[in-house]
Amino acid sequence: MCVTNHQSFIIYMSEGELGCWKEGFVTEEVEGLTLVVRDKNAEYDPVIDVDGMSLQVWDGSRKLSGWMRDEPELVKGKNIMEIGSGVGLASLVAARLGAESVLCTEYTEIALSVIHQNIVANNLEESCRSCCLDWDDPNNLPSSRVDVVVASDILFLSAVSRKVAALLNMVFPVSGTLLMVHELRYSITTSGEVDKADEPLELFFSLMKSSSWEIHTRSDQKFVFVLATKK
C-alpha cells in the first residue's frame with residue numbers, strides 16, 4: 001500500500017512555459033530536462049523524511065543519467081524500470097534515449113505526483129509512466145515486462161540492501177540487468193574512526209552474487225558504477 005501524503009502538490013506545466021510555473025515550486029534544468037523537484041514552502045528534512053529524500057536530484061542520479069547518455073545502447077529499445085526514482089530524472093533520460101518503455105517507480109503519493117508532472121512536462125507520456133512500488137510487498141510488482149532495472153543512491157542501510165536484492169530477484173527470476181550508481185558513504189566506528197568498507201554496498205554485492213548475478217564495477221571518485229547481469 002502506498003503512503004498517502006495529504007499535502008497538496010499540484011502544478012500545471014508544459015514544456016516551454018517555465019515562466020508560467022507557479023511560484024512556490026522549485027525547478028531544475030538537468031540533462032536538458034526541466035524538473036519540478038519540490039515545494040519550497042514545504043518543510044522536509046532531506047535526511048530522515050521520506051519526501052525530503054525523494055524530492056531532490058541526488059548526485060548519483062545525475063551520474064546514472066550521464067552514464068546512460070554516454071552509452072545509450074544500455075537502454076535504447078529496452079523496457080526499463082527505475083526503482084527509488086525520486087523525481088524521475090533517470091527514467092526521463094532513458095525515455096529520451098529511446099527506451100521502448102519506462103516504468104518510473106516510487107513509494108509516496110507526493111513523489112509519484114511530482115514524477116507524473118515531470119513526465120507530462122517533458123512530453124514523455126507515450127513511453128514513460130509512473131507506478132507505486134512497495135519494496136516490502138513483493139505481490140505489488142508490476143506485471144509489465146522489464147529488461148533493465150536502473151537505480152541510484154538507494155543503498156543507504158543494510159536492511160535496504162536486503163530488500164533491493166530480494167526485489168531484483170523477484171523482477172528477474174531467470175535473467176536480467178541492473179544499472180546502478182552508488183555514492184560511497186562510510187560509517188563512523190565507536191572509536192571515532194571511519195570504516196574502510198561501505199557495509200550496505202558490500203552486503204548487496206554478497207547477496208547478489210549468491211543469487212547468480214555477475215557484477216562488474218568501476219569507480220569515479222566517491223561513486224561506484226554497477227553493471228550486474230543475471231543469466
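Residues numbered from 1 in each chain as written. Predicted model: local features only at pLDDT ≥ 70, side-chain atom pairs only at ≥ 80, totals over all residues. Heavy atoms only, no water.

**Examining the overall build of the chain**
A tally of regular secondary structure across the chain gives six helices and nine strands. Looking at the chain as a whole, 48% of its 231 residues qualify as buried. Considering only contacts in the chain between residues 6 or more positions apart, those separated by 24 or more positions represent 63%. Carbon together with sulfur atoms contributes 49% to the accessible area of the chain, which is approximately 11600 Å² in total. (Helix = DSSP H or I, 4+ residues; strand = E, 2+ residues; numbered from the N terminus. Buried < 20%, exposed > 50% of the residue type's maximum accessible area, 1.4 Å probe, protein only. Contact = heavy atoms within 4.5 Å. Areas by Shrake-Rupley, 256 points an atom, 1.4 Å probe, with all protein chains shown as cover.)

**Notes on the nonpolar core**
Formed by 32 residues in total, the largest nonpolar core has its most connected members in Leu-64, Met-68, Ile-80 and Leu-179. Those elements that place two or more of their residues in this core are helix 2 (59–70), helix 3 (89–96), strand 4 (101–106), helix 4 (109–121), strand 6 (148–152), strand 7 (176–183) and strand 9 (223–230). Of all the elements, helix 3 adds the most residues to this core, at six residues. In contact with Leu-64, other than residues within four places in its own chain, are Ala-90, Val-150, Ala-151, Ser-152, Leu-179 and Val-181. Within the second largest apolar cluster, 28 residues are counted, among which are Leu-103, Val-146, Met-180 and Val-226. (Core = buried A, V, L, I, M, F, W, Y, C linked by side-chain atoms within 4.5 Å.)

**Structural notes on the side chain of Glu-82**
Summarising the element assignment, Glu-82 is placed in strand 3 (residues 79–82). At 12 Å, Arg-62 is the nearest oppositely charged side chain to Glu-82, a buried residue that forms no salt bridge. (Lys, Arg positive; Asp, Glu negative; His and termini not counted. Salt bridge = Lys/Arg side-chain N within 4 Å of Asp/Glu carboxyl O.)

**So, the packing of aromatic side chains**
Aromatic rings considered in pairs are described by the distance between their centres and by the relative angle of their planes. Evaluated as defined, the whole model comprises three aromatic pairs. Measuring from centroid to centroid gives 5.6 Å for Trp-67 and Phe-225, while their planes differ by 80°, and the two rings are edge-to-face. Taken together, the positions of Trp-67 in helix 2 and Phe-225 in strand 9 put the pair 158 residues apart, joining distant regions of the chain. Each of the two residues, Trp-67 as well as Phe-225, counts as buried. With a centroid separation of 6.4 Å and an interplanar angle of 45°, the aromatic rings of Phe-204 and Phe-205 are classed as tilted. Take Phe-204 and Phe-205: they sit in the same class, and that class is buried. Its end group placed over the ring of Trp-67, Arg-218 keeps NZ or CZ at 5.7 Å from the ring centre. (Phe/Tyr/Trp six-rings, centres within 6.5 Å; stacked < 30°, edge-to-face > 60°. Lys NZ or Arg CZ within 6 Å of the ring centre and 35° of its normal.)

**Considerations on the confidence of the model for the chain**
Considering every residue of the chain, the mean pLDDT works out to 80; 72% of them sit at 70 or more. Low pLDDT (under 50) marks residues 1–24, which in the prediction has 54 contacts with non-local residues, meaning those over four places away or in another chain. (pLDDT = per-residue confidence, 0-100.)

**Side note on the pattern of salt bridges**
Per the counting criterion, the structure on display carries six salt bridges. Residue Lys-163 pairs with Asp-136 through a salt bridge whose shortest N-O separation is 3.0 Å. One end of the pair, Lys-163, is in helix 5 (residues 158–171); the other, Asp-136, is in the loop between strand 5 (128–132) and strand 6, and 27 residues separate them in sequence. The exposure class assigned to Lys-163 is partly exposed, which follows from its relative accessible area of 32%. Among the ionic pairs, Arg-145 bridges to Asp-147, the shortest N-O distance being 2.8 Å. Overall, Arg-145 belongs to the exposed group, its relative accessible area being 62%.

**Here's the deal with helix 5**
Between its first and last C-alpha atoms helix 5 spans 20 Å; for 14 residues at 1.5 Å apiece the expected length is 20 Å, and the two agree. The set of residues buried in helix 5 consists of Val-160, Ser-161, Val-164, Ala-165, Leu-167, Leu-168 and Val-171. Here the buried residues of helix 5 occupy an arc of 165° about the axis, which is enough to place them on one side. (Expected span 1.5 Å × (residues − 1). Arc of directions from axis to C-beta.)

**Remarks on the pairing of strand 3**
Both faces of strand 3 are covered, namely the face carrying Asn-79 and Met-81 and the face carrying Ile-80 and Glu-82. Between the parallel elements strand 3 and strand 4, the chain passes through helix 3 in a crossover that is right-handed. Pairing between strand 3 and strand 6: three bridges, direction parallel. Across the sheet, residue Glu-82 finds its bridge partner in strand 6, namely Val-150. (Right-handed = clockwise from strand over helix to strand, strands pointing away. Pairing = 2+ DSSP bridges.)

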